[in-house]
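The lines below spell out each chain.
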Amino acid sequence: MTHDTESGDFSPPPLHVQYSVAAQTFRGFAILAVGALALIIPFVAEGEGPKTWKFAGLLMGAAAMWALLTFKRARNRTPQVVVDENGVYFSEWVVGTVPWENIEYIAHSSSIRRGIVSSITRTRRKPYLQFRFIETPKVKPTVPIPFSWWQFISAEFAIQEPVIQQFGLDTPVDVILEAIQAQIAHWQKGHHDIVDLPPKAEDFVS
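Cut-offs and rules
Numbering of residues starts from 1 in each chain and follows the order in which that chain's sequence is written. Thresholds applied to this predicted model are a pLDDT of at least 70 for local features of residues and 80 or more for the giving and counting of side-chain atom pairs; totals over whole chains, interfaces and linings are not thresholded and use all residues. Where side-chain values are given, they derive from all heavy atoms of the structure, hydrogens and water being excluded. Numbering goes from the N terminus for both helices and strands, where a helix is a DSSP run of H or I of at least four residues and a strand is a run of E of at least two. Classification of residues uses two cut-offs on accessible area relative to the type maximum, computed with a 1.4 Å probe and protein chains only: under 20% is buried, over 50% is exposed, and between them is partly exposed. The criterion used for residue contact is that any of the two residues' heavy atoms lie within 4.5 Å. Under the convention used here, a 1.4 Å probe and the Shrake-Rupley method define accessible areas, while residue burial counts only the protein chains that appear. For our purposes a nonpolar core is just a set of buried Ala, Val, Leu, Ile, Met, Phe, Trp, Tyr and Cys residues, chained together by side-chain atoms within 4.5 Å. Pairing of aromatic side chains here covers Phe, Tyr and the six-membered ring of Trp, requires ring centres within 6.5 Å, and sorts the geometry by plane angle: under 30 degrees stacked, over 60 edge-to-face, intermediate tilted. Two strands are counted as paired when DSSP detects at least two bridges linking them. To define axes, lines are fitted to C-alpha atoms, for helices over the stretch in contact only, and angles between the resulting N-to-C directions are given on a 0 to 180 degree scale.

Observations regarding the overall build of the protein chain
Right, on to step 1. Per the secondary structure count, the protein chain includes six helices and nine strands.
Right, on to step 2. Counting only residues that meet the buried cut, the protein chain has 36% of its 206 residues in that class.
Right, on to step 3. Across the protein chain, the fraction of contacts at a sequence separation of at least 24, relative to all contacts at a separation of at least 6, is 68%.
Right, on to step 4. A total of about 12900 Å² of accessible surface is found on the protein chain, and carbon and sulfur atoms cover 61% of it.

Right, here's the structure in full:
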């Protein structure tokens, strides 16, 4: 916990959110189970042959790679979400920490009504927090080429409608929301000269 010696006001402690080991492990085994079902394809497909086995092999290989990445997440104990006095960090956005002054609003999924097109093109598993930025942050790939290309494309897509979903994390979004609210309230105390302040998170919870 940090201390503001000039005002005598304590800043809220930062919140660090990691991957949920249980959720990621369960997801990994579920992916493997789906991949194993590909073994059925050669036996039920018409005209069983090398092409059918090759197709099934590709599906199983893709599932195995996906599951491996998921199990790797379960072992990854680095923070995926950080809420502190500087702003909000979410690893999937790949933009570093978004400062509070660049956040226009934060809405809880319980208060969001999404259009049909948006629901189809961007699947969101509730509950989640949706953000709107004043200026879209620039994506900063953290891996070398060629992996950075995929990371950049994925992050660019995510940052167009930035959300933090609870699924796969070890902390409920309601707790993340409370931490955001506390940090914004503390941040506002030191920025009385700013007219348009980001609203408190609680204003968007129905």
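Focus: unusual backbone geometry
The phi angle of most residues is negative, glycine excepted, and most peptide bonds adopt the trans form.
Right, on to step 1. Following Ile 145, the chain continues into Pro 146 via a peptide bond in cis, with omega recorded as 5°.
Right, on to step 2. The residue Pro 146 is located in the loop between strand S8 (128–133) and helix H5 (147–159) in this model.
Right, on to step 3. Not every positive phi belongs to a glycine, and Val 94 is a case in point at roughly 55°.

Some details on the nonpolar core
Right, on to step 1. Counting 29 residues, the largest nonpolar core has Trp 93, Phe 131, Ile 164 and Ile 180 as the members making the most contacts within it.
Right, on to step 2. Broken down by element, this core gets its largest block of residues, seven residues, from helix H6 (residues 173–189).
Right, on to step 3. Leaving out residues up to four positions away in the same chain, Phe 131 has contacts with Val 88, Trp 93, Ile 103, Tyr 105, Ile 106, Pro 162, Ile 164 and Ile 180.
Right, on to step 4. Within the second largest apolar cluster, five residues are counted, among which are Tyr 105, Ala 107, Ile 112 and Val 163.

What to know about the packing of aromatic side chains
Right, on to step 1. Counted according to the given criterion, the structure contains five aromatic pairs.
Right, on to step 2. A connected cluster of aromatic rings, assembled from ring pairs, spans Phe 90, Trp 93, Phe 131 and Phe 133.

Points about the sheet that holds strand S7 (residues 103–108)
Right, on to step 1. Within the open sheet, the three strands sit side by side as S7-S8-S9. Their pairing is antiparallel. Edge positions in the sheet fall to S7 and strand S9 (163–165), since each has one partner strand and no second. Neighbour to neighbour, the strand axes of the sheet diverge by 15° on average, direction disregarded.
Right, on to step 2. Sheet analysis places S7 next to S8, joined by five bridges and oriented antiparallel.

Some words on the side chain of Thr 171
Right, on to step 1. Along the chain, the position of Thr 171 falls in the loop between S9 and H6.
Right, on to step 2. A relative accessible area of 12% means that Thr 171 is categorised as buried.
Right, on to step 3. Apart from the residues within four sequence positions on either side, Thr 171 is in contact with Val 17, Gln 166 and Ile 176.

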